[in-house]
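Residues per chain, in single letters:
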Amino acid sequence: MAITSSGAIKLGDIGEELGNNNATSTTGLKIASSGGIDTINTASASKPDGSAPHLMSEFYSYDHSASSASVPTSNLIFRIDPNDTNCYSGSGTTVNDLGSFGLTGTLYNGAGWSSNGYFTFDGTNDYLQFPNGTDLIVPSTTAYRYHEVYFWARPHQITNANMIAVSTDDQSSSRRTYQVKYKSDGTFGPAFIHSGNSTTTAFSSHTMSANQWYLIRYQYRYVARGQSNTEVWHKKYNASSWTKLLDTTKTQQFQSYSSDICIGAQEKENTTSNANNPYNGDIGDVLMYYDTHSTNPLSLSEANDIFDATKAAYGG
């Protein structure tokens, strides 16, 4: 059982988590932090670093029984991991999709990269675009698809700016599959265009803070002809649970087309021009699935695996 993620912690609590029920305040924080009671489990998403100064707060959410999490790969169609040299070499403008699509993307207008594992966007004209993608929701061989997207985001601004973090577009300029965006009125959520080419939006007042990392989880589920369900969740880098921002049921379904995928702005048909609604902040791992994981907030094992397996670059 992991240590609480906030509030008061006693040395006895730490000792018990480390497997020593007799640990007391005389045990010493230094011994506990540096493995003197028991070896620190490096698989825990949160753990002490073993270096002075030794802080009680380093044990928040520490789980001595944690096992190494891995990213689910079943139905993983698109993935960028800025910390993987197979995705980005650390220089140049080429970014490789590590998912089954295998797309090649381009960084435009000086979009930056941090060796800590994320891309940076200045809110003026930077973006990352993957052209000539395959169908995202409704491939020609399948009547309907579920779709789920995860991405790490650290917005530098969350109000007074329309910003799109992730979007797709079929290059028609009128049938964007979806956008996940921050609106100027302080709301956050998806906008998508269904088969009739009319826009359906669903936004929620957000509880996020600027300059903090969050894993955003966007889920689209087909319900019936003309109907779908859309959910948006987030989990802060040091949080122990997910927060549901939005759950809209039976919105109009949307079809997918052979789509571009754009990170940091709205997709542009002419990639030499500035993007609309540019994002001001950082974007890390991005994962897209032909699948939806559990919708039960008490059973989010796959979503938690993605969180635990990717969070190291974002404060964990």
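An account of the accompanying structure is given in this report.

### Describing the overall build of the protein
Right, on to step 1. Of regular secondary structure, the protein possesses 3 helices and 17 strands.
Right, on to step 2. Considering only residue pairs separated by 6 or more positions, the protein has 62% of its internal contacts joining residues 24 or more positions apart.
Right, on to step 3. Here the protein displays about 13200 Å² of accessible surface, and carbon together with sulfur accounts for 42% of that area.

### Some thoughts on the environment of Glu-231
Right, on to step 1. Positionally, Glu-231 belongs in strand E14 (residues 227-236).
Right, on to step 2. With relative accessibility at 3%, the residue Glu-231 sits in the buried group.
Right, on to step 3. Separated by 13 residues in the primary sequence, Glu-231 and Lys-244 place their C-alpha atoms 7.6 Å from one another.
Right, on to step 4. At 2.8 Å, the side chain of Glu-231 forms a polar contact with the side chain of Trp-233.

### Some details on the pairing of strand E17 (residues 280-289)
Right, on to step 1. A large share of E17 lies buried, amounting to 10 of its 10 residues.
Right, on to step 2. Strand direction decides the pairing type here: strand E1 (residues 76-80) and E17, joined by 4 bridges, are antiparallel. Residue pairing for E17: Arg-79 is matched across the bridge by Leu-287.
Right, on to step 3. Where strand E7 (residues 147-155) meets E17, 7 bridges bridge the pair, whose relative direction is antiparallel. Of the residues in E17, the one forming a bridge with Phe-151 is Val-286.

### Digging into the packing of aromatic side chains
Right, on to step 1. Enumeration over the complete set of coordinates arrives at 16 aromatic pairs.
Right, on to step 2. The interplanar angle of 55 degrees and the centroid separation of 5.4 Å between the aromatic rings of Tyr-88 and Trp-113 together place this pair among those described as tilted. Of this pair, Tyr-88 sits in the loop between E1 and strand E2 (94-96) while Trp-113 sits in strand E4 (residues 112-114), and the two are 25 residues apart along the sequence.
Right, on to step 3. Taking the relative accessible area as the measure of exposure, Tyr-88 reaches 5% and is therefore buried.
Right, on to step 4. Note on Trp-113: relative accessible area 30%, which makes it partly exposed.

### Quick notes on the pattern of salt bridges
Right, on to step 1. Taken as a whole, this structure holds 6 salt bridges when the rule is applied.
Right, on to step 2. A salt bridge links Asp-285 to Arg-79; the shortest N-O distance between them is 3.0 Å. Pair noted here: Asp-285 is in strand E17 and Arg-79 is in strand E1, with a separation of 206 residues, a long-range link. You'll find Asp-285 and Arg-79 in the same group, each marked buried.

### Observations regarding the side chain of Thr-187
Right, on to step 1. If you trace the backbone, Thr-187 turns up in strand E10 (residues 187-193).
Right, on to step 2. Judged by its relative accessible area of 12%, Thr-187 falls in the buried class.
Right, on to step 3. A polar atom in the side chain of Thr-187 sits 2.6 Å from the side chain of Asp-185.
Right, on to step 4. Once residues within four sequence positions are removed from consideration, Thr-187 is found in contact with Lys-181, Tyr-182, Phe-203, Ser-204, Ser-205 and His-206.

### Considering the side chain of Gln-266
Right, on to step 1. Within the element layout of this structure, Gln-266 appears in the loop between strand E16 (260-263) and E17.
Right, on to step 2. Among the polar contacts made by the side chain of Gln-266, one reaches the side chain of Gln-179 at a distance of 3.5 Å.

### With respect to the environment of Val-166
Right, on to step 1. Mapped onto the fold, Val-166 is located in strand E8 (residues 163-169).
Right, on to step 2. Sequence separation of Val-166 and Tyr-127 is 39 residues, and the distance between their C-alpha atoms is 9.9 Å.
Right, on to step 3. Apart from the residues lying within four places of it in its own chain, the contact partners of Val-166 are Phe-151, Tyr-178, Gln-179, Val-180, Cys-262, Ile-263 and Met-288.

Here is what the cut-offs are and how they apply
Residues numbered from 1 in each chain as written. Predicted model: local features only at pLDDT ≥ 70, side-chain atom pairs only at ≥ 80, totals over all residues. Heavy atoms only, no water. Helix = DSSP H or I, 4+ residues; strand = E, 2+ residues; numbered from the N terminus. Contact = heavy atoms within 4.5 Å. Areas by Shrake-Rupley, 256 points an atom, 1.4 Å probe, with all protein chains shown as cover. Buried < 20%, exposed > 50% of the residue type's maximum accessible area, 1.4 Å probe, protein only. Polar contact = N/O pair within 3.5 Å; in protein donor to acceptor, adjacent residues only side chain to side chain. Pairing = 2+ DSSP bridges. Phe/Tyr/Trp six-rings, centres within 6.5 Å; stacked < 30°, edge-to-face > 60°. Salt bridge = Lys/Arg side-chain N within 4 Å of Asp/Glu carboxyl O.

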